[in-house]
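Structural characterization, general
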Amino acid sequence: MNRRNFFSGAATAVAAASVSRVALAALPEPAMQSSADTAPPLHPPTGRPYNPVVTLNGWTAPWRMNAGVKEFHLVAEPVVREVAPGFMVNMWGYNGQSPGPTIEVVEGDRVRIFVTNRLPEHTTIHWHGQRLPNGMDGVGGLTQPAIQPGKTFVYEFVARRPGTFMYHPHADEMVQMAMGMMGLWITHPKGSHPQIAKVQRDYAFLLNAFDVEPGSMTPKVNTMLDHNIWCWNSRVFPSISPLVARQGERVRIRVGNLTMTNHPIHMHGHEFEVTGTDGGPVPHSARWPEVTTDIAVGQMRQVEFIADEPGDWALHCHKSHHTMGAMGHSVPSMIGVDHRGLVGKIQKIVPDYMVMGERGMADMGAMEMPLPDNTFPMMTGTGPFGPLEMGGMFTTLKVRADQPAGSYIDPGAFKQPTGTQAFEWQGAPASTPRPARTDIPGTAPAAASARKPAASGHQH
Amino acid sequence: MTGARCFSVLAAAALLAGCASVSPDGLRSDVAALTAGRTAGVPQAALPATDPAARAQAQQSINGWLAQPLTQDAAVRIALLNNPGLQARLAALGVADAERVQAITLPNPHLTLGRFTTSQEREIERTLAFGLMDLITLPWRTQHETERLQIATLQAAQDVAQLAADTRRAWLRAVAAEQVAATHDRMVEAAEVGAELARRMAQVGNWSRLQQAREQAVLHEANSQRARARLAAATAREDLNWRLGVWGAQAQYQLAAQLPPLPATALPADGIEATALRERLDVQAARRQLDTQAVRQGWSRAGAVFGDIGLAYSRNTTTERDTGSSDVKRGWEIELPLPLFDRGGAARTRAQAQVEQSAAQLQDTAVRARSEIRAAWLTYRTALDLARQQQAEVVPLRQLISDETTLRYNGMLASVWDMLAEARNSTQAVANAIEAQRDFWLAETDLQLTLTGTSPGALQGLTSGAAASSTPQGH
Ligand SMILES: [Cu+2]
C-alpha cells in the first residue's frame, strides 16, 4: 500500500564532491527534507564504501568531506510532520522532519556534526550508545552548556564502534522527545566483520509516540503513557512504508525505542535472530530464534532473517493498543447492549447518530464516519480482502520471488497461490447453542459466602 | 324678598346647574386621548364602551382574536376591552364625574308647607328655601371639581397604560414559558434514552449499578426540571388569563408559538429624560396638581419658584402640549424666581404649604422619572446585548460543541452519554436564549411604559444566569 508515494522524496541538497577551501571554512549547508516518504538508500559518494540502510519514511543526511572529516549539519527546528495523509502534527525535529535524518558513517570515521538551534529554547544532542570523549556526550549542564536558540555547536569524535545507534536531545529532554526530536545513527563496519553479516536489505526505524488531542495539532508533552499516536519514525499505519524483499534475501531490521514503554515487535511468517543491540553485535553463540522481540525504552535491537516465505506478512508491535489510532480510553464498552427501539430516539436528538460498538468495534473500521478535524481514526486501512482495522505501529513485510534486487518498489498485494487461503466451510453449519446464562451481572462471586447468615435476611 | 328678585336668583342658579352635566361616555374618550400611543406599543387600542351594542361588538372582536394563535397585540387589545379590573376603574371614573356634577349642582330648594290650626285660627305657611352658601361657592367648586376630575382622569389613563404593559409582560412570560417547557421535553427525551441505555448496559453486565444510577439521576433531574417548567408555563398563562379577563371556554385559546424576533437596532438613549418629563402621565398629573394649587392661590408663577423640574416649565405647556416640545422649551429660565412668600395669616400659610407640597411632589415625580428612564434604558440595552449574545454566539457555540462531540463519538473518542449530555446542554442554551429574548422584551415594555406612560414600579430587571449545564460522566 501507499505505493504511489514510496521513494518519491529526496533530499533537497546532496553532498558536494569538491568544495573550495574558503567554503570549507564555513558551516556546511544543511540538507533539508520536505517529504515524509521513504528516501532511497544513499550510496556513499565519498569516503569508505558501505551498504546503506533504508530509513522507513525517512532519509539519510548527506555530508561533505573536509580534510578527511565527515561533516554533517543538523538544524533543530519546529516542523510540521505528515504522520498520515491528512493528519499533520506540529513537532520539533531536525532539517525539516521528525525524526531527523539518519547519519551513516563507517567505523573509524572522524565525524564533525554542526548543530544549529532554531528552537525557541536551548537544546543539545546526545549521541546515544557511542564511545566518545565525555565532552561530546551532549548532556546539557553535565558535559556542556546547552545550545541557546540561534547558536551553533560543533560535536566531533571518531565513530569507534560499528552498530546501530540513535541521537536525541539531552536538554529539556522530556518535552523535546515528546515533540519528536530524535534520529538514527548507523556505524557500518570497516571491511568485513565476523559477527556482522552482509545483508541485501537493511531497514531502520525508531519507535516514537505522541499524544495528540483529536481535533488539535500539537502533542501534549506531559503525557507519560496514555499516548494515542503510536509511530514508527513519526508515521502510522497505513502510511508506514512496507518492507520489501526478494525471496531468499537476508534482511536486517534495526529498531530503536524512544517512547516511554516497551514494544514487543512481532513478525509474521519468519523467525529471526537478534544479531545486535546498541551495545554491539551479539555473538553467534548467544543468538536464539524468535518471532517477537521486546524492545525496552532506550534500547535498540537489530534483527536478521532470511526472507524465504513469499507473501504479505504483518510486522507490528504486539501490544494491541499500539496498532490503533486515537481512541477514547474512557468510552464504555457497548458490546452486547441491545439498541432496539433507541436508535430512532437518539437520532431525533442527534440526527447524525449511528449505532457503534454494539457487536464490537469493527464497525469503526468499515464505516468511515466523519471525525473531528486532523484526527487520525482509531482503526483504518484496507487490504485486498477488506478493512485491516489497524492504525499505529503496523506495516507489512512483502516478500516476492520476482522482486528485483535493490528495488524498493512496492509490489502491491500478494497473489496467493490457489488453494493456499483460508476458506469458508460449505457443509452443514456448526451446531453451537448458546449456553443459558447462570450468573447475575453485578453480583460479587464471594458476596454470599462472606455474608454472615444472621446479618441479612435476603439473598441476592 | 320680592318675587322678581327671587325669580332672578333662581334663574341664575338654574343656569349654573344646567351647565354642569355628566360626560355621556363616562370620560372614556378623555382617557383614550391620554392613553393614545401609551398602550404597550399597540396602536389605537379601544377601551370598553358604555353602550351595550358596542360592548357586544367588542365581545365579537375578542372571540375573533382568541380563535387565532394569540399575539401580544391581540392580548393587549383584549385586556383593555375585557379586563374587569379596568372596567371597574373606568366605572369609578364615571362615578367621580357624576359626583363632580352632583357637587356643583345646586341642591334642590326646600319647600316647606305648614298648616297650623287652633280653635281660633288656621295658618298655612309656605317657605321656599335653598342654601345660599352653595350658590356663592358654586364657581369655585366648579373649578375645583373639574381639576380634581382631570387628575382622576390622568390617573385612570395611567392605569390603562399599566394594564397594557402588564398584559404584554404576561403574554411574553406565557409564550416564553411554553417555549422553554418544550425545550425541557427534548432534554427529558435525551435523559430518557441515556437512562434506558444505561439500564441495558447494567443488564448485560457492561456497567455497574453505580454507573447506571448516575444516568438515572440525570433523568430524575431532567424530569423534575420539566415539571417546574410546565408549572411555570401554566401559571404564566393563568396570569395572562387574569389580565385578559377570560376563563372557562374563552381561556382555551392557543398562544403564539414564538416571541417576536430581536430588533436589528436599539432605541437610542438621546433625549429620553426630556421625553419622559414631557410625556409621562404621572408627571403631567403632578404638574396639574401644582397648577391647581397655584391658581387657587393666585400664584400663576408658582412653578417658577417651586416647580423647576429641570425642563423648561410653564403653565402653558401643560395646556398646550399638542404644540410640541419646541414650545416647551420657550425660555423663561432667564427669569429669576421671585420670593413670593407672604407670611401673613394662617390661610396664606396653609395655601403656601399646599403649593410647596405640590411643587415638591412634582419634583419628586420628575426626579424619579429621570432615574427610572435611565435605569430602564440601561436594562433594555443590556438585555438586548445579552439576548443577542445568547442567540448569535452561545447557541451556535453549544451546537458546535454538540456537533464536535458527535464527531468524537464517531471516532469512538466519546460515548453516547457524552453526546446526549451535550445535546441537553445545547437545548439548555436554546432555553436560555428564549429567556434572554423574553427578558429583552420585558425590558422593552418597561422602557416604553417608563418613557411615555408612568412609573413601572419596580423594574422587572434581568433574570440571573442560566442553569448550570450538566456534565457527562466518565471523565
Ligand atoms: Cu507497542
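The shown structure was predicted, so the numbers you read here are calculated from the model rather than taken from an experiment.

Comments concerning the overall build of chain B
Scanning chain B from terminus to terminus reveals 14 helices and two strands. In chain B, which comprises 475 residues, the proportion classed as buried is 44%. Across chain B, the fraction of contacts at a sequence separation of at least 24, relative to all contacts at a separation of at least 6, is 80%. For chain B, the exposed area adds up to about 24,000 Å²; of that, 55% sits on carbon and sulfur atoms.

Let's talk about the overall build of chain A
Looking only at helices and strands, chain A features five helices and 24 strands. Within chain A, residue pairs in contact and separated by at least 24 positions form 74% of the contacts whose partners lie at least 6 positions apart. Roughly 21,000 Å² of accessible area belongs to chain A as shown, and the carbon and sulfur atoms make up 57% of that amount.

Some details on the coordination of the copper ion
Ideal values differ by geometry: the angle at a metal is 109.5 degrees with four tetrahedral donors, but 90 or 180 degrees with six octahedral donors. Here the copper ion is held by the protein donor atoms A:His263 (ND1), A:Cys317 (SG) and A:His322 (ND1), which lie 1.9 to 2.0 Å from it. Taken in chain order, the donor set of the copper ion reads H-x53-C-x4-H.

A look at helix α5 (residues 84-104) of chain B
Over its 21 residues, α5(B) runs 30 Å from end to end, which matches the ideal 30 Å to within 8%, given 1.5 Å per residue. Between the side-chain oxygen at the start of α5(B) and the backbone nitrogen of B:Gly85 there is a gap of 2.9 Å, and the oxygen is on B:Asn83.

What about the packing of aromatic side chains?
Working definition: an aromatic ring pair is given by the centre-to-centre distance plus the angle between the planes. Counted by the stated rule, this structure contains 15 aromatic pairs over all chains. Here the aromatic rings of A:Phe205 and A:Trp232 are separated by 4.3 Å at their centres, their planes lie at 20°, and the arrangement is stacked. With A:Phe205 in strand β11 (residues 201-210) and A:Trp232 in strand β12 (residues 229-232), this residue pair connects regions lying 27 residues apart in the sequence. The buried category is assigned to A:Phe205, whose relative accessible area is 0%. The positively charged end of A:Lys70 is found above the aromatic ring belonging to A:Trp63, 4.6 Å away from the centroid. The ring of B:Tyr253 has B:Arg237 lying over it, and the distance from NZ or CZ to the ring centre is 4.1 Å.

What about the interface of chain B and chain A?
Often, the extent of an interface is quoted as the loss of accessible area on bringing the components together. Counting residues at the interface gives 32 residues for chain B, matched by 39 residues for chain A. Buried surface at the junction of chain B and chain A, summed over both partners, amounts to about 2,800 Å²; 68% is from carbon and sulfur atoms. The largest share of the area that chain B buries against chain A comes from B:Asn410, B:Met412 and B:Leu413, three residues that together contribute 25% of it. One can count one salt bridge joining chain B with chain A.

Let's talk about the pairing of strand β3 (residues 69-84) of chain A
All names here are of chain A. For β3, the tally of buried residues reaches 13 of 16 residues, placing the bulk of the element in the interior. With three bridges joining them, strand β2 (residues 64-66) and β3 adopt antiparallel strand pairing. Following the sheet pairing, Asn-66 is matched in β3 by Val-69. Once β2 ends, the chain turns through two residues before running back antiparallel as β3, passing Ala-67 with a positive phi of about 50°. Summarising the sheet, β3 and strand β6 (residues 110-117) pair through eight bridges and their orientation is parallel. From the neighbouring strand, His-73 faces β6, where its bridge partner is Phe-114. Where β3 lies against strand β4 (residues 87-94), eight bridges are found, and the strand directions are antiparallel. Within β4, the position partnered with Ala-84 by the bridge is Phe-87. A loop of two residues connects β3 with β4, the two strands running antiparallel in sequence, and Gly-86 in this loop sits at a positive phi of about 85°.

Some details on the pattern of salt bridges
Residue and element names in this part refer to chain A. If you walk through the whole model with that rule in mind, you get 45 salt bridges over all chains. Arg-252 serves as the salt-bridge partner of Asp-202, at 3.0 Å between the closest nitrogen and oxygen. One end of the pair, Asp-202, is in strand β11; the other, Arg-252, is in strand β14 (residues 249-257), and 50 residues separate them in sequence. Per residue, the accessibility class of Asp-202 equals that of Arg-252, and both read buried. Salt-bridge contacts for Arg-252 lead to Glu-304; the nearest nitrogen and oxygen are separated by 2.9 Å. Of the two residues, Arg-252 sits in strand β14 while Glu-304 sits in strand β20 (residues 300-307), which places them 52 residues apart along the sequence.

Comments concerning the pairing of strand β23 (residues 386-390) of chain A
Residue and element names in this part refer to chain A. Where strand β22 (residues 380-383) and β23 come together, three bridges link them in antiparallel fashion. Paired with Thr-382 across the strands is Pro-387, a residue of β23. Following β22, the chain reverses through two residues before pairing antiparallel with β23.

Focus on the sheet that holds strand β13 (residues 243-246) of chain A
All names here are of chain A. In spatial order, the strands read β13-β24-β21-β15-β19; together these five strands make up an open sheet with mixed pairing. Across the chains shown, the open sheet's two edge strands, defined by having one partner strand only, are β13 and β19 (292-295). Across this sheet, the average inter-strand angle for adjacent strands is 20°, counted without regard to direction. Pairing analysis gives four bridges linking β13 to strand β24 (residues 394-400), with the strands arranged parallel. Counterpart to Ala-245 in the pairing with β24 is Val-399.

The rules we used
Residues numbered from 1 in each chain as written. Chains lettered and ligands numbered in written order. Predicted model: local features only at pLDDT ≥ 70, side-chain atom pairs only at ≥ 80, totals over all residues. Heavy atoms only, no water. Helix = DSSP H or I, 4+ residues; strand = E, 2+ residues; numbered from the N terminus. Buried < 20%, exposed > 50% of the residue type's maximum accessible area, 1.4 Å probe, protein only. Contact = heavy atoms within 4.5 Å. Areas by Shrake-Rupley, 256 points an atom, 1.4 Å probe, with all protein chains shown as cover. Donors = N, O, S within 2.8 Å, 3.2 Å for Na, K, Ca; no water. Expected span 1.5 Å × (residues − 1). Polar contact = N/O pair within 3.5 Å; in protein donor to acceptor, adjacent residues only side chain to side chain. Phe/Tyr/Trp six-rings, centres within 6.5 Å; stacked < 30°, edge-to-face > 60°. Lys NZ or Arg CZ within 6 Å of the ring centre and 35° of its normal. Buried area = accessible area lost by both parts, 1.4 Å probe. Salt bridge = Lys/Arg side-chain N within 4 Å of Asp/Glu carboxyl O. Pairing = 2+ DSSP bridges. Axes fitted to C-alpha atoms, helices over the stretch in contact; angles between N-to-C directions.

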